[in-house]
Amino acid sequence: MIRQKGKTPRRPPKTPSSNQKDPVGVYCRVRPLDLGDEECCIEVISDTTIQLHWPEGFKVNRNGEYKETQYSFQKVFGVSLSQMELFENVAKPLVDDLIHGKNGLLFTYGVTGSGKTFTMTGSPGQGGLLPHSLSMIFNSIQPYQAQRYIFKTDEKNGIEIQNDVEALLERQRRENNMPVPKSASSRQKLDPEIADMIKPEEAYKAHGVDEDSSYSVFVSYIEIYNNYIYDLLEEAPEDVIKPKWNGGGTPVRQNTEFIPPQSKILREDQNHNMYVAGCMEIEVKSAEEAFQVFWRGQKKRKVANTRLNRESSRSHSVFIVKLAQAPLDAEGDNILQDKNQVTVSQLCLVDLAGSERTGRTGAEGTRIREAGNINQSLLNLRTCIEVLRENQMCGTNKMVPYRDSKITHLFKNYFDGEGKVRMVVCVNPKADDYDETLLVMRFAEMTQEVEVARPVDKPIYGFTPGRRNRNQAFKEELSRRLEERGGPIDRDFPSVINHLVHSLPPIPSSELADPHDDITLPRLIEALQNRHRIRQMMIDEYNKTANTMNSMLQRVDGNLISKENFIHEQNGKLAEKEKIIHNSKAEIDRLEKRTKMQEHKIEILQKTTKIYEDDKRSLKQELGTREQRLHRELSEKRRMEQRMNGAVSDTQHKWEKECVRRVNAMQLEMQNKLWVKDEKLKQLKAIVAENKTPGGPDPPPRQVQQHPQRPSREERLPAKRSASPSPLPTTTPVRPLHRRSRSAGGEKWVDHKPTSSLDLGTVLQPVIPNAIQVSTPSEKALSKCDRYVLTHQEVASDGEIQTHLIKGEVIKTRGGGQAVHFTDIETLKQEVTTVPRRKRRSAEGAPASGDQSDGAWTDVETRCSVGVEMRAGSNMGPSFEHHAITKRRKP
């Protein structure tokens, strides 16, 4: 059976060890300005708040004032604060937790040249957080340290315990492997460069150290360079097979190929904690020795000279202090040989490389690559913090991208609840770093909102507390009693024996000179019996005294145990009360912090409200001014309309009178012409009558077939209406010009005809000159025209197609676009008129007198000779009538 390779099951998320959470402690330290810098962009307002000012030459807000931003921290350290005060507020609580079996992470963050390395390491005469932490650790556990090599690392992030024999063999093996054995004096001799950074007389001491445990300290030092992990404490062994190193410090081969140093990998131990595999962990027994090891690795760290910093760190350095503690056995003499009872806690001191811009640092070649990797790792750190904050505030369960960089992958356990996390933000107040400092402030403000689960205590059960002190008291009491009887047996055992021997009766001389001597032997026997009796009495007295002492010690031990139990009970109650008080203080601090944040937000909102109110007031004033102007314009428009209406009515009345006068004059002239014609006709009739033969019969009248007279064109034409007075009357008729529609004015139109419109084929079609024809309106077409018309067709109730011309004006909007305001609708409709049956020609002989309007309009020829044009947008009747010339019919 072939076993199929399956996927690795997903590990369930690690539940935090405590439901209580603490926010990430963020502190701010302001570096003093250099001598050449004059302008400062950071002001310390209080011990928890700083304010950023916009430097000269930067952008300002819309009111023309410099924008100021405030940021709050757990504590702000000004330029006059000492390194010891910084350690007391930031690192001292983490060292206390380390001694009590809890983990801690402390890292410095900021732009390049802001003082991160000085804060972490210090300078000659001014030790930083790291040397002060080492001094406090060893000052607290110095009386309780185990012998060297009793604790041993197992290369898997664990600690093993060895007995005295194994520790002695390990010590001898390591000393034999050393090329030059180090003496005790050489180990304590410090480098003169760092000799004054550690001052034991200024070291703090932790309270509540477990005296019934033994301690041992291991240190390791790594750096993360270009997202690779390197061990700074690793010594490269000399090997003749390996290539030699050139003068520049890089190995070369025959083909001149560069051999990079061996990088380390990250692994996960059985408790799901991350560690660096293969990293050297050195056991140290004093603060001087630990700092000497650190300084040895510090010299190997990657640094470079840039335009902004003479010794710019090109990598992230991590100094790990691991503290192993194990309880003593029941007698209080030796360490308990149980690996499960060993508690391992560690404190990570991280000096992050500063973020930088290559344009300012003048980086080239390798420095550009280093800066890119530094900025990328810091960006991944910010991304992890953002996702953690979003998951906690919004209740989401997004995956935190710890694996995107080595620095976040190494410390992911701390953000998951394996210890306290604290960050010191270092800022440079000079104006050139304002942009980078602003980004650092935003990241610090976001980090403070992330909460980390609080680790719980890990008590050791099954042993009576105070074992070491009781064992020491017992030894001292025994030594005192022995001194009373002849001296301490544990100090000088032969002298005690000699004193006891001399206290017995002396043995008489046992030399026999005569075989028949009966005095010497009985005297010797008597002396020996006396010595035996005295010895027996001494043994009885010793046993009696020992029993009394044992009973006394038992009573004292019982009283001590009862008192210790009572004290332990009271300490438990006191610890509960202190825990409640601590939680209350933490809640009060959190509420005060939130109150300050809310007050700050309220202040910002008040400023914003004031700005909006000022804008509202100015806009109201402007609106009132525009309303007054509009009211004046409307009043002026109404006066102009009234004036124009009066002028139009006067002109209309004037032209009406003129038209009546001209009509009367024309009628009078026509009457005069008719009268002249009548007179001429009468004279013609008289002449004809005179020419006839007198006395002769009149010839019979000629029968002429009378046809109904077709009305002349002038008689058929209805009365014309004119929009303007006609000129002076003349004999020649003037044909009125065709009046143009309003839609054909001088404005430019957008003729919107959808593609679904049908061509009806009618004679009269709406024609809009100077128009842009579109099937779909666009903003570009609307911006070029002033008017808009939409051709819409629909089926009327009688089944005919009815056309609507929807007109409007194109106006501009405030946003810079165009809108159409519809003002008018024209309806075009074609109808089929029912024409009555035409009469025969016999009816044409009827007299032509009478009303001919019906015949004129019912005749097809007459109807086709008249075209009606409606005024655009008018509900009145036709304003013009165009008459065609009627073709005369043949008789």
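Residues numbered from 1 in each chain as written. Predicted model: local features only at pLDDT ≥ 70, side-chain atom pairs only at ≥ 80, totals over all residues. Heavy atoms only, no water.

**Observations concerning the overall build of the chain**
Selection criterion: To qualify as a helix, a DSSP run of H or I must reach at least 4 residues; to qualify as a strand, a run of E must reach at least 2; elements of each kind are numbered from the N terminus. Partly exposed describes any residue whose relative accessible area lies between the buried limit of under 20% and the exposed limit of over 50%, with all areas from a 1.4 Å probe on protein chains only and scaled to the type maximum. The contact criterion used throughout is that any non-hydrogen atoms of two residues lie within 4.5 Å. Every accessible area reported is derived by Shrake-Rupley at a probe size of 1.4 Å, with residue values counting cover from the shown protein chains alone.
Across its full length, the chain carries 19 helices and 29 strands. Split into buried and exposed, the 891 residues of the chain put 32% on the buried side. Sequence separation of at least 24 residues holds for 69% of the intrachain contacts in the chain that already meet a minimum separation of 6. Counting only carbon and sulfur atoms, one obtains 53% of the accessible surface of the chain, whose full area is about 59,700 Å².

**With respect to the sheet that holds strand β25 (residues 787-795)**
What counts, and what does not: Think of it this way: DSSP has to see at least two bridges between two strands before they count as a pair. Between the N-to-C directions of two axes lies an angle of 0 to 180 degrees, each axis being a line fitted to C-alpha atoms and, for a helix, fitted only over the stretch in contact.
Read from one edge of the open sheet, 5 strands run β24-β23-β25-β26-β27, paired in mixed fashion. Either end of the sheet is taken by a strand with one partner, and the two such strands are β24 (771-774) and β27 (818-829). In this sheet, adjacent strand axes meet at a mean angle of 25° when their direction is disregarded. Sheet topology note: the strand β26 (residues 801-812)/β27 ladder contains 11 bridges and is antiparallel. Across the sheet, the residue bridging to K812 is Q818, located in β27.

**A few points about helix α12 (residues 434-447)**
The criterion, for reference: A helix is expected to reach a length of 1.5 Å times the quantity of its residues less one.
In this model α12 runs 20 Å from its N-terminal to its C-terminal C-alpha over 14 residues, within 8% of the 20 Å that 1.5 Å per residue would give. With respect to burial, α12 is a largely interior element, 10 of its 14 residues being buried. Three or more residues of α12 are buried, namely Y434, E436, T437, L438, V440, M441, F443, A444, M446 and T447.

**Side note on the pattern of salt bridges**
Worth spelling out the cut-off: By salt bridge we mean one thing: a side-chain nitrogen of Lys or Arg within 4 Å of a carboxyl oxygen of Asp or Glu.
Scanning the entire structure with this criterion turns up 26 salt bridges. The salt bridge involving E289 is made with R148; its shortest N-O contact spans 3.6 Å. Of this pair, E289 sits in helix α7 (residues 287-298) while R148 sits in the loop between α4 (129-141) and β10 (151-153), placing them 141 residues apart in sequence. Here K285 makes a salt bridge to E283, at a shortest N to O gap of 3.1 Å. Comparing K285 with E283, the two get one shared label, buried. Taken together, the shared-partner salt bridges connect E170, R173 and R174 into one network.

**A few points about the sheet that holds strand β5 (residues 68-72)**
Pairing in this open sheet of 3 strands is antiparallel, and the strands run β3-β4-β5 from one edge to the other. Of all the strands in the sheet, the pair left with one neighbour each is β3 (42-44) and β5. For this sheet, the mean inter-axis angle between neighbouring strands, taken without regard to orientation, is 25°. Sheet topology places β3 next to strand β4 (residues 49-53); 3 bridges connect them, and they run antiparallel. Within the sheet, the bridge partner assigned to V44 lies in β4 and is I50. Its contacts with the sheet place α12 against β3, β4 and β5, and it is angled at close to 145° to β4.

**Quick look at empty space enclosed by the protein**
Taking a probe equal in size to a water molecule and rolling it over the atoms shows the remaining empty space. Quick note on the threshold: Of the two site types, the cavity is a set of points on a 1 Å grid over the protein atoms alone where a 1.4 Å probe fits but cannot get out, and the pocket is an open set with protein on both sides within 12 Å along at least five of seven lines, each lined by residues with an atom within 4 Å of a point. Grid points are joined across faces, edges and corners, and a volume is the space filled by probe spheres set on the points. Each residue gets one label: Ala, Val, Leu, Ile, Met, Phe, Trp, Tyr, Cys and Pro are nonpolar, Asp, Glu, Lys and Arg are charged, and the others, such as Gly, are polar.
A complete count under the given rule lists 4 cavities of 30 Å³ or more for this structure. Taken as a whole, the largest cavity spans an internal volume of roughly 120 Å³. Along its surface, the largest cavity is lined by 13 residues, and L381, I407, T408, F411 and F415 are the ones closest to its centre. Listing elements by their share of the lining of the largest cavity, those giving two or more residues are β7 (104-110), α9 (366-394), α10 (406-410) and α11 (412-418). No other element matches α9, which puts 3 residues into the lining of the largest cavity. Per-class residue counts for the lining of the largest cavity are 11 nonpolar, 1 polar and 1 charged.

**A short note on the nonpolar core**
Applicable threshold: Working definition of a nonpolar core: buried Ala, Val, Leu, Ile, Met, Phe, Trp, Tyr and Cys residues. They are joined through side-chain atoms within 4.5 Å.
Of all hydrophobic cores here, the largest spans 55 residues; its most connected members are I50, F73, V350, F411 and M441. Judged by nonpolar contacts, the second largest core, of 47 residues, contains Y27, I99, F291 and V424.

**Things to note about the packing of helix α1 (residues 83-90) against α4**
Each pair of packed helices gets described by two things: the angle between the helix axes and the distance between those axes. The cut-off we apply is this: Helix crossings are classified by the rotation of the near helix relative to the far one: an anticlockwise turn of less than a right angle makes the crossing left-handed, while a clockwise turn makes it right-handed.
At a minimum axis separation of 10 Å, α1 and α4 run at an interaxial angle of 65°. The element α1 and its partner α4 pack so that their crossing is right-handed. Between α1, through Q83, M84, L86 and F87, and α4, the contact on the second element is made entirely by L129, H132, S133 and M136. Across the contact of α1 with α4, the residue classes break down as 5 nonpolar, 3 polar and no charged.

**Looking at the pairing of β7**
Of all 7 residues in β7, 7 are buried, a share of seventy percent or more. In β7, alternate side chains face the same way, and those of G104, L106, T108 and G110 on one face and L105, F107 and Y109 on the other are all buried. Bridge analysis of β7 against strand β20 (residues 343-351) gives 5 bridges, and the strand direction is parallel. Bridging across to β20, G104 finds its partner in L347. One ladder, built from 7 bridges, connects β7 with strand β21 (residues 420-427); its direction is parallel. Directly across from G110, in β21, lies its bridge partner C426.

**Looking at α4**
In a regular helix each residue adds 1.5 Å, so 13 residues correspond to 18 Å; α4 covers 19 Å between its end C-alpha atoms and thus fits that length. Counted residue by residue, α4 has 12 buried out of 13 residues, so it is predominantly covered. Here α4 has its buried residues at L129, L130, P131, H132, S133, L134, S135, M136, I137, F138, S140 and I141.

**Brief notes about the packing of aromatic side chains**
Put simply, the test is: Only the six-membered ring of Trp is used, alongside the rings of Phe and Tyr, when aromatic pairs are assigned; centres must lie within 6.5 Å, and planes under 30 degrees apart are stacked while those over 60 apart are edge-to-face, with the rest tilted.
For the structure shown, the criterion picks out 11 aromatic pairs. Judged by centre distance (5.5 Å) and plane angle (45°), the rings of W54 and Y434 are tilted. One end of the pair, W54, is in the loop between β4 and β5; the other, Y434, is in helix α12, with 380 residues separating them in the sequence. Overall, the relative accessible area of 22% leaves W54 in the partly exposed class.

**Quick look at unusual backbone geometry**
Phi is positive for N157, close to 65°, though the residue is something other than glycine. Examined against the element boundaries, N157 turns out to sit in the loop between β10 and β11 (159-161). A relative accessible area of 21% places N157 in the partly exposed class. With phi around 65°, H272 is a residue other than glycine that occupies positive phi space. On the secondary structure map, H272 appears in the loop between β14 (265-268) and β15 (274-277).

**Things to note about the side chain of K807**
As a reminder, the rule being used: Any pair of nitrogen or oxygen atoms within 3.5 Å is treated as a polar contact; in protein, a donor-acceptor pairing is required on top of that, and neighbouring residues in sequence qualify only through side-chain atoms on both sides.
Inspection of the secondary structure assignment puts K807 in strand β26. One polar contact links K807 to E826, side chain to side chain, over a distance of 2.7 Å.

**Comments concerning the environment of A206**
Tracing the backbone shows A206 in the loop between α6 (184-188) and β12 (213-225). For A206, the residues in contact, after removing those within four places along its chain, are D96, I99, M136 and S140.

**Some details on the state of the cysteines**
Here, disulfide denotes a covalent bond that connects the sulfur atoms of two cysteines. As a reminder, the rule being used: To count as a disulfide, a pair of cysteine sulfur atoms needs to be within 2.5 Å.
Counting across every chain of the model gives 0 disulfides. Free cysteine C40: the closest other cysteine sulfur is in C41, separated by 6.0 Å.

**Quick notes on a nonpolar patch on the surface**
Let me state the cut-off plainly: Patch definition: residues with relative accessible area over 30% and no salt bridge; like charges joined within 9 Å; nonpolar side chains (Val, Leu, Ile, Met, Phe, Trp, Tyr) joined within 5 Å.
A grouping of L681, L684 and V688 is seen on the molecular surface, where their side chains present a nonpolar patch of about 260 Å² in accessible area. Following the sequence through the fold, V688 ends up in helix α15 (residues 520-691). Note on V688: relative accessible area 44%, which makes it partly exposed.

**Regarding the environment of A444**
Among the secondary structure elements, A444 is positioned in helix α12. Residue A444 is classed as buried on the basis of its relative accessible area of 0%. If sequence neighbours within four positions are ignored, A444 has contacts with V26, F73, M423 and V425.

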